[in-house]
Amino acid sequence: MQGKKDYQEKLFAQFQLSERVPEHNFYRRLKDVLDLDFLYPMTKSYYGSSGQKSIDPVVFFKLCLVGYLENIIRDRQLIQHSSMRLDILYFLGYDIDVELPRR
């Protein structure tokens, strides 16, 4: 008898992104060794004190780095590519239900 798989979306109550990215993954290892906290004081003077919050400078740098490493030059393509990859989401510090920053 032929079986048929029916897709039914589930709510992830016990899903942890860190458990889904293997220990030997490049972006996981890069996240462990790359400390970009020095960017906060270096870029503070370029941000205003009013208006909407901007993209976190560390996230912006990491997105640029992913674009370089993955050979992606278009912003929209980079966001689309990054949102589909669990290892890159983990590297950026985003969870699967959080939307990546747009321009």
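See above for the structure.
Notes on the structure in this doc start here. (Residues numbered from 1 in each chain as written. Predicted model: local features only at pLDDT ≥ 70, side-chain atom pairs only at ≥ 80, totals over all residues. Heavy atoms only, no water.)

**A word on the side chain of Ser-82**
1) Next: Structurally, Ser-82 can be placed in helix H5 (residues 75-83).
2) Next: Residue Ser-82 is classed as buried on the basis of its relative accessible area of 0%.
3) Next: In this structure Ser-82 touches Leu-63, Val-66, Ile-88, Leu-89, Leu-92 and Leu-100, once residues within four positions along its chain are discounted. (Helix = DSSP H or I, 4+ residues; strand = E, 2+ residues; numbered from the N terminus. Buried < 20%, exposed > 50% of the residue type's maximum accessible area, 1.4 Å probe, protein only. Contact = heavy atoms within 4.5 Å.)

**Some remarks on the nonpolar core**
1) Next: Formed by 18 residues in total, the largest nonpolar core has its most connected members in Tyr-27, Leu-63, Val-66, Phe-91, Leu-92, Tyr-94 and Leu-100.
2) Next: Of all elements in the fold, only helix H2 (26-33), helix H4 (57-70), H5 and helix H6 (86-92) reach the threshold of two or more residues within this core.
3) Next: The dominant element in this core, judged by the number of residues it contributes, is H6, at five residues.
4) Next: Ignoring any residue separated from it by four or fewer positions in sequence, one finds Tyr-27 in contact with Val-66, Leu-69, Glu-70, Arg-85, Asp-87, Ile-88 and Phe-91. (Core = buried A, V, L, I, M, F, W, Y, C linked by side-chain atoms within 4.5 Å.)

**So, unusual backbone geometry**
1) Next: The phi angle at Asn-71 is positive, at roughly 60 degrees, despite the residue not being glycine.
2) Next: Relative to the elements of secondary structure, Asn-71 occurs in the loop between H4 and H5.

**Quick look at H4**
For an α-helix, 3.6 residues make a turn, and residues three or four places apart therefore share a direction.
1) Next: For H4, built from 14 residues, the straight-helix expectation of 20 Å at 1.5 Å per residue is met to within 8% by its first-to-last C-alpha distance of 20 Å.
2) Next: What H4 keeps buried is the set Pro-57, Val-58, Val-59, Lys-62, Leu-63, Val-66 and Gly-67.
3) Next: Where H4 is buried, its residues touch H2, helix H3 (39-43), H5 and H6.
4) Next: Between the side-chain oxygen at the start of H4 and the backbone nitrogen of Val-58 there is a gap of 2.9 Å, and the oxygen is on Asp-56.
5) Next: Directly after H4, the chain includes Asn-71, whose backbone phi takes a positive value near 60 degrees. (Expected span 1.5 Å × (residues − 1). Polar contact = N/O pair within 3.5 Å; in protein donor to acceptor, adjacent residues only side chain to side chain.)

**Focus: the packing of aromatic side chains**
1) Next: Using the criterion set out here, one finds two aromatic pairs in the structure.
2) Next: One aromatic cluster is present, built from ring pairs that chain together Phe-26, Tyr-27 and Phe-91.
3) Next: Above the plane of the ring of Tyr-90 lies Lys-31, whose end atom (NZ or CZ) is 4.8 Å from the centre.
4) Next: The cationic tip of Lys-62 hangs over the ring face of Phe-91; the distance from NZ or CZ to the ring centre is 5.0 Å. (Phe/Tyr/Trp six-rings, centres within 6.5 Å; stacked < 30°, edge-to-face > 60°. Lys NZ or Arg CZ within 6 Å of the ring centre and 35° of its normal.)

**Section: the pattern of salt bridges**
If the charged atoms of two oppositely charged side chains come close together, the side chains can form a pair.
1) Next: If you walk through the whole model with that rule in mind, you get four salt bridges.
2) Next: For Arg-28, the salt bridge goes to Glu-23, with nearest N and O atoms at 3.4 Å.
3) Next: Given a relative accessible area of 9%, Arg-28 falls into the buried group.
4) Next: With a relative accessible area of 59%, Glu-23 lands in the exposed category.
5) Next: With a shortest N-O distance of 2.8 Å, Arg-85 and Asp-87 are connected by a salt bridge.
6) Next: Since its relative accessible area comes to 25%, Arg-85 is described here as partly exposed.
7) Next: When salt bridges with common partners are traced through the structure, they connect Glu-70, Arg-85 and Asp-87 into a single cluster. (Salt bridge = Lys/Arg side-chain N within 4 Å of Asp/Glu carboxyl O.)

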